[in-house]
There are 2 protein chains.
Amino acid sequence: MADIQASYLACPIRQVISRFGDKWSMLVLYTLNESETGVMRFNELRHHMTDCSQKMLSATLKNLEQSNLINRKVYPEVPPRVEYSLSDTGKSLMPSITSLINWANEHFDDVVTKQLA
Amino acid sequence: MADIQASYLACPIRQVISRFGDKWSMLVLYTLNESETGVMRFNELRHHMTDCSQKMLSATLKNLEQSNLINRKVYPEVPPRVEYSLSDTGKSLMPSITSLINWANEHFDDVVTKQLA
DNA sequence: TCTCATAGTTACCAAAAAGTTAGAAATGTT
DNA sequence: AACATTTCTAACTTTTTGGTAACTATGAGA
């Protein structure tokens, strides 16, 4: 998310990648979408993404919120409670992401196995 | 494309991201798909992706080929001629990617404009 | 008073990704 | 002989990403 150049602004594809094409964003969106209530707390997400560090989860959630893809609701309690959920925009993105994930599951072997052989 | 860990192997979503979720891969796939003949040469691709350096285009094409998403055909001529096209696996991926790109075009403002305001 | 729990942030460091520049081949043209 | 063409590769540098560990705040309970 460095400086924004003209060519960058002009290319929606690049925009897409840069907003949720990083290491953890899709996994967060996917996890939120799979949740029954549609709402998850910080540590709850952490338990579903065990190899994502606290720092990265925090940064990922912040970016997704700033990109309008998730909602963040803070309850003024102690200890703090913060609930995350997909925004309407985020929900509208899920069919595309799900399509991608299904493809990944189906073509896993075509794409990956060859490399290890 | 770093080292491969157990959790990494176990997660097809992460696999997807790592194979074509980088800075340029989707743009290459999209560009090849848009081409009328379905075949493009190296410099032809370059002209469609002006802000991608030669080195990165080369590396991206190599990765896509190793991931079985594109075909690379070399003609033994001078100067060299190399033609790239989508593989069958690559073609099967395009609906998902197109879906993502269409979403990006439609929701560009929701996701991006807020940040500059 | 001490500790726990939650949801983070910050500083520091290492690794990875990506950009720049140069050049390697091989051969046809000037 | 010099140069252009095309598709790369290598060396070097900068930028970005991601990990670890320590720190914050607050109130409840022991």
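These numbers were taken from a predicted model, which means no experiment stands behind them.

(A) Examining the interface of chain A and chain B more closely. Listed by partner, the interface residues are 43 residues for chain A and 43 residues for chain B. In this assembly, chain A packs against chain B so that about 3,900 Å² is buried in total across both faces, 67% of it on carbon and sulfur atoms. Interface area lost by chain A to chain B is led by I13, R14 and W103 of chain A, which between them contribute 17%. Applying the counting criterion to the chain A and chain B interface returns 7 residue pairs in polar contact (both at pLDDT 80 or more). The greatest single-element share of the side of chain A that touches chain B, amounting to 19 residues, is contributed by helix α6 (residues 88–116) of chain A.

(B) Summary view of the sheet that holds strand β3 (residues 81–86) of chain A. All names here are of chain A. As summarised here, the arrangement of the 3 strands in space is β1-β3-β2, forming an open sheet in which the pairing is antiparallel. Only two strands of the sheet have a single partner each, and these edge strands are β1 (39–41) and β2 (70–75). Geometrically, the sheet is characterised by an average inter-axis angle of 30° between neighbouring strands, direction not taken into account. As paired strands, β1 and β3 are joined by 3 bridges and run antiparallel to one another. Bridge pairing in β3 places M40 opposite Y84.

(C) Here's a closer look at the nonpolar core. The biggest cluster of nonpolar side chains holds 65 residues, and the ones touching the most others in it are F20, L29 and I97 of chain A together with F20, L29 and I97 of chain B. Discounting residues that sit within four places of it in the chain, F20 of chain B has contacts with L100 and W103 of chain A together with S25, M26, L29, L64, L69, L93 and I97 of chain B.

(D) Quick look at the pairing of strand β3 (residues 81–86) of chain B. All names here are of chain B. Most of β3 sits inside the fold, with 5 of its 6 residues counted as buried. Across 6 bridges, the pairing between strand β2 (residues 70–75) and β3 is antiparallel. Residue pairing for β3: V74 is matched across the bridge by V82. Linking β2 to β3, which pair antiparallel, is a turn of 5 residues.

(E) A look at the relation of the copies chain A and chain B. Laying chain A over chain B is done by rotating through 179° and shifting 0.1 Å along the axis; what remains is an RMSD of 0.2 Å. Taken together, the rotation angle and the small translation identify this as a two-fold axis. Across chain A, the rotation axis passes nearest the C-alpha of G21 of chain A, at a separation of 2.8 Å. Both copies share a contact surface, since 100% of the interface residues of chain A are interface residues in chain B too.

(F) Structural context of the sheet that holds β2 of chain B. Residue and element names in this part refer to chain B. On the basis of which strands lie adjacent, the open sheet formed by 3 strands has the order β1-β3-β2 and antiparallel pairing. The two strands at the open ends of the sheet, each matched to only one other strand, are β1 (39–41) and β2. Averaged over all pairs of adjacent strands, the angle between strand axes in this sheet comes to 30°, irrespective of strand direction. Sheet contacts for helix α3 (residues 25–34): β1, β2 and β3; angle to β3, the most-contacted strand, approximately 90°.

(G) Layout of the protein's contact with DNA strand C. Taken together, 21 residues surround DNA strand C, and among them S58, R72 and Y84 of chain A together with K55 and M56 of chain B come closest. The sugar-phosphate share of atoms of DNA strand C within 4 Å of the protein amounts to 69%. Q54 of chain A places a side-chain nitrogen or oxygen 2.9 Å from a base nitrogen of DNA strand C. Residue S58 of chain A places a side-chain N or O atom 2.5 Å away from a phosphate oxygen belonging to DNA strand C. Elements that contribute at least two residues to the surface near DNA strand C include exactly α4 (42–48), α5 (54–66) and β3 of chain A together with α5 (54–66) of chain B. Per element, the largest residue contribution to the surface near DNA strand C is 4 residues, and it comes from α5 of chain A. Looking at side-chain class alone, the surface near DNA strand C contains 10 nonpolar, 4 polar and 7 charged residues.

(H) A look at the packing of aromatic side chains. Counted by the stated rule, this structure contains 2 aromatic pairs over all chains. Between F20 of chain A and W103 of chain B, the ring centres sit 6.3 Å apart and the planes meet at 75°, which makes this aromatic pair edge-to-face. You can see F20 of chain A sitting in helix α2 (residues 12–20) and its partner W103 of chain B sitting in helix α6 (residues 88–116), one on each of two chains. It is R81 of chain A that lies over the ring of Y75 of chain A; its NZ or CZ is 3.9 Å from the centre.

(I) Quick peek at the confidence of the model for chain A. Here chain A averages 85 in pLDDT, and 87% of its residues register 70 or above. When the criterion is pLDDT under 50, residues 1–9 of chain A qualifies, and its contacts beyond four places in sequence or with other chains add up to 10 contacts.

Definitions and limits used
- Every chain is numbered independently, its residues counted from 1 as its sequence is written.
- By the order in which they are written, chains take letters starting at A while ligands take numbers starting at 1.
- At least 70 in pLDDT is required for a residue's local features to be given in this predicted model, at least 80 for side-chain atom pairs to be given and counted, and no such filter applies to totals for whole chains, interfaces and linings, which use all residues.
- Where side-chain values are given, they derive from all heavy atoms of the structure, hydrogens and water being excluded.
- Every residue pair with non-hydrogen atoms within 4.5 Å of one another is taken to be in contact.
- Once two parts are brought into contact, the accessible area they lose, counted with a 1.4 Å probe and summed over both, makes up the buried area.
- Polar contact is defined as a pair of N or O atoms within 3.5 Å, subject to the rule that within protein one atom must be able to donate a hydrogen and the other to accept it, and that residues adjacent in sequence are counted only when both atoms are side-chain atoms.
- In DSSP terms, a helix is any run of H or I states spanning at least four residues, a strand is any run of E spanning at least two, and both are numbered starting from the N terminus.
- At least two bridges found by DSSP between two strands are what make those strands a pair.
- Only the contacting stretch of a helix is used when fitting its axis, a line to C-alpha atoms as for every element, and angles between N-to-C directions run 0 to 180 degrees.
- Buried Ala, Val, Leu, Ile, Met, Phe, Trp, Tyr and Cys residues that are joined via side-chain atoms within 4.5 Å together make up what is termed a nonpolar core.
- Three exposure classes are used, based on accessible area relative to the maximum for each residue type with a 1.4 Å probe and protein chains only: buried under 20%, partly exposed in between, and exposed over 50%.
- Here the copies are superposed with least squares, the fitted atoms being C-alpha atoms of residues at a pLDDT of at least 70 in both.
- To be near a molecule or strand, a residue needs just one of its heavy atoms within 4 Å of it.
- Gly falls in the polar group here, along with every residue not listed as nonpolar (Ala, Val, Leu, Ile, Met, Phe, Trp, Tyr, Cys, Pro) or charged (Asp, Glu, Lys, Arg).
- Classification of ring pairs uses Phe, Tyr and Trp, with its six-membered ring standing for Trp, and accepts pairs whose centres are within 6.5 Å; under 30 degrees between planes counts as stacked, over 60 as edge-to-face, and the remaining range as tilted.
- Look at NZ for Lys and CZ for Arg. If either is within 6 Å of the ring centre and within 35 degrees of the ring normal, a charge sits over the ring.
- The predictor attaches a confidence to each residue, and that confidence, scored 0 to 100, is pLDDT.

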